[in-house]
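Residue strings, one per chain:
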Amino acid sequence: MIFSSSSSFFLCLLLIFSVTLSHGDNAFVGTYGVNYGRIADNLPAPHSVVTLLKAAKIKNIRIYDADHQVLSAFQGSGIQIIVGLPNEFLKDISVGEDRAMNWIKENVEPFLPGTKICGIAVGNEILGGADVELWEALLPAAKNVYSALDRLNLAHKIEVSSPHSEAVFANSYPPSSCTFKEDILPFMRPLLQFFSQIGTPFYINAYPFLAYKNDPQHIDINYALFKKNSGIYDAKTKLHYDNMFEAQIDAAYAALEKVGFDKMEVIVSETGWASRGDANEAGATVKNAKTYNKNLRKLLLKKKGTPYRPKMVVKAYVFALFNENLKPGPTSERNFGLFKPDGSIAYDIGFTGLVPSSATSSFLSFKGIGSSYVMISTSCAALLLLVTL
């Protein structure tokens, strides 16, 4: 997109002003969040999901759109939400700030301040994807969203970001050798420059499961699952890694450093492990999913950094809240959920699940507002009867 000299000057002023009004840590409370995907026809109603998240003490979620029913249900919950501007809207939003303004006024502003919308993710895994036109649209779309937020006096409250997949990297082993792909750099570098100016972290979707699934012969599954193993040694940094998750984060830090953004924080926007998969999907079992997510939660609760960035506390959003039965692709894609569609836990990692008081497997009997629930604690045998507001 081509900006006029006056509009470019105005945007520069906004960016300079934003330094003094940084949103800081407003977009993430603590270190643990969850992605609330909804590509399914059997999920609980959003108000029931709020009850579930509160019971599990999950304070951060990401959604992949700006669904009005979801945003209304989360009003007054105190849960921080990053909404998604879907990929299919990027080209239109990139055309002009007015398009972004219209989208925000329709999908974000009406729900403030009751619903804690703390961020807008502009697209998902754009760079490295098949549609190069989207690569070109990403930065102007992000700038237009930010500029519209600023005009509404919301830029210091709502973070503008865009999560990336591992496809943006040319290599990531060992971590210190990680670089961005050459064909992506012309798009990545200016995007990072913009995000650096407005204080946005680098969001990466990091999946040890996918790495292991693609090369089970050469990757120790214990290294992928945070279990005891010999780990890897990075000769350049002289650092030892005993789990792939932290190695993937430090690989991102190394790539950022090589292009001049060594101070940018890395946040994991997606990570998880499938509990079921096809015959050729190595490692996709309930046991492994439980092990990965339980150990990941333990690591995040320590509120520590990585070997390469020990002072940068690791933060991550787990994928996903529910199994999603309508997701296309291999079986694993439909089985990343921490919870089953009926609100019960998929496996025990210490969370609390919701089940209907009739103890049936259907969620239909308690989808309505005002229904009664039985909350079953997975860490003790006690039962707590909960009546939703």
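You'll find the structure just up there.
On a predicted model such as this, the values are computed, not experimentally measured, just so you know.

1. A closer look at the overall build of the protein
Of the regular secondary structure elements, the protein holds eleven helices and 15 strands. For the protein, restricting intrachain contacts to residue pairs at least 6 apart in sequence, the fraction spanning at least 24 positions comes to 67%. In the structure as shown, the protein presents an accessible area of about 16800 Å², 55% of it carried by carbon and sulfur atoms.

2. So, the sheet that holds strand β12 (residues 316–319)
Read from one edge to the other, the open sheet built from eight strands follows the order β5-β4-β3-β2-β1-β12-β11-β8, with strand pairing classed as parallel. With partners counted over all chains shown, the strands left at the sheet margins are β5 (159–161) and β8 (202–205), one partner each. Taken over all neighbouring pairs, the strand axes of this sheet differ in orientation by 25° on average, direction set aside. Two elements, strand β4 (residues 117–122) and β5, share three bridges in a ladder whose sense is parallel. Bridging from a neighbouring strand, A121 pairs with S161 of β5.

3. Topic: the packing of aromatic side chains
Under the defined criterion, the tally for this structure stands at 21 aromatic pairs. Measuring from centroid to centroid gives 6.5 Å for Y207 and F319, while their planes differ by 75°, and the two rings are edge-to-face. Here F319 lies in strand β12 and Y207 lies in the loop between β8 and α8 (208–214), a separation of 112 residues in the sequence. Here Y207 matches F319 in class, with each residue buried. Aromatic ring contacts, followed pair by pair, group Y64, Y207, F209, Y212, F226, F245, W273, Y292, F319 and F336 into a single cluster. Across the ring face of Y36, the terminal group of R38 is positioned such that the distance to the ring centre comes to 5.8 Å.

4. Re unusual backbone geometry
For the bond from Y173 to P174, the omega torsion is -10°, close enough to zero to count as cis. Within the secondary structure layout, P174 lies in the loop between β6 (169–171) and β7 (179–180). Note that the residue after F319, namely A320, is joined by a cis bond; omega there is 10°. Residue position: A320 is located in the loop between β12 and β13 (352–356).

5. Topic: the packing of helix α6 (residues 132–151) against helix α7 (residues 185–198)
Running from amino to carboxyl end, α6 crosses α7 at an angle of 15°, the nearest separation of the two axes being 9 Å. As the angle between them shows, α6 and α7 are arranged roughly parallel. Classified by chirality, the crossing of α7 by α6 is left-handed. Residue-level inspection shows W135, E136, L138, L139, A142, K143 and Y146 of α6 in contact with α7, the latter providing F187, P190, L191, F194, F195 and I198. Within the contact of α6 with α7, the residues separate by chemical class into eleven nonpolar, no polar and two charged.

6. Details of the pattern of salt bridges
What the rule picks out here adds up to eleven salt bridges. Close ionic contact of D67 with R38 constitutes a salt bridge, the shortest N to O distance being 3.7 Å. Residue D67 is located in the loop between β2 (60–62) and α3 (68–73), and its partner R38 is located in the loop between β1 (32–35) and α2 (46–55); the two are separated by 29 residues in the primary sequence. Residue class for R38 comes out partly exposed when judged on its relative accessible area of 25%. Notably, a salt bridge pairs E333 with K327, separated by 3.2 Å at the nearest N-O pair. A residue is classified by how much of its surface remains accessible, and K327, at 15% relative accessible area, is buried.

7. Things to note about the environment of Y241
Locating Y241 in the fold gives a position in strand β10 (residues 239–241). Residues Y241 and T306, 65 residues apart in the sequence, show an inter-C-alpha distance of 9.1 Å. Filtering out sequence-adjacent residues up to four positions away, Y241 remains in contact with P175, Y223, G231, I232, D234, E246, A247, D250, P307 and Y308. Within the structure, Y241 has its side chain in polar contact with the side chain of D250 (distance 2.6 Å).

The rules behind these values
- All residue numbers refer to positions counted from 1 along the written sequence of the respective chain.
- Since the coordinates come from a predicted model, pLDDT governs what is reported: local features require at least 70, and pairs of side-chain atoms require 80 or more to be given and counted, while whole-chain, interface and lining totals use all residues.
- The basis for the side-chain values is all heavy atoms of the structure; hydrogens and waters are excluded.
- Labels follow the DSSP assignment, with helices taken as runs of H or I lasting at least four residues and strands as runs of E lasting at least two, numbered in each case from the N terminus.
- We call two residues in contact whenever any of their non-hydrogen atoms come within 4.5 Å of each other.
- Per-residue and other accessible areas follow the Shrake-Rupley method at a 1.4 Å probe size, with only the shown protein chains counted as cover for residues.
- In this analysis, strands are considered paired if DSSP registers two or more bridges between them.
- Convention adopted: a line fitted to C-alpha atoms gives each axis, helices being fitted over their contacting stretch, and angles between N-to-C directions are expressed from 0 to 180 degrees.
- Note on aromatic pairs: the rings of Phe, Tyr and Trp (six-membered ring only in Trp) are paired at centre separations within 6.5 Å, and the planes decide the class, stacked below 30 degrees, edge-to-face beyond 60, tilted for the rest.
- Only protein chains enter the accessibility calculation, which uses a 1.4 Å probe. A residue is then buried if its area is under 20% of the maximum for its type, exposed if over 50%, and partly exposed in between.
- Consider the ring centre and the ring normal. A charge sits over the ring if Lys NZ or Arg CZ is within 6 Å of that centre and within 35 degrees of that normal.
- Orientation categories follow fixed angle ranges, with anything under 35 degrees roughly parallel, anything over 145 roughly antiparallel, 65 to 115 roughly perpendicular, and all other angles oblique.
- By the definition used in this description, the sense in which the near helix is turned from the far one sets the handedness, with an anticlockwise turn below a right angle giving left-handed and a clockwise turn giving right-handed.
- For this classification, Asp, Glu, Lys and Arg are treated as charged, while Ala, Val, Leu, Ile, Met, Phe, Trp, Tyr, Cys and Pro are nonpolar and the rest, including Gly, are polar.
- Any Lys or Arg side-chain nitrogen found within 4 Å of a carboxyl oxygen on Asp or Glu counts as a salt bridge.
- Think of a polar contact as two N or O atoms within 3.5 Å of one another; within protein, one of them needs to be a possible hydrogen donor and the other a possible acceptor, and neighboring residues in sequence only count if both atoms come from side chains.

So far we have only geometry, and geometry alone does not tell us how the molecule works.
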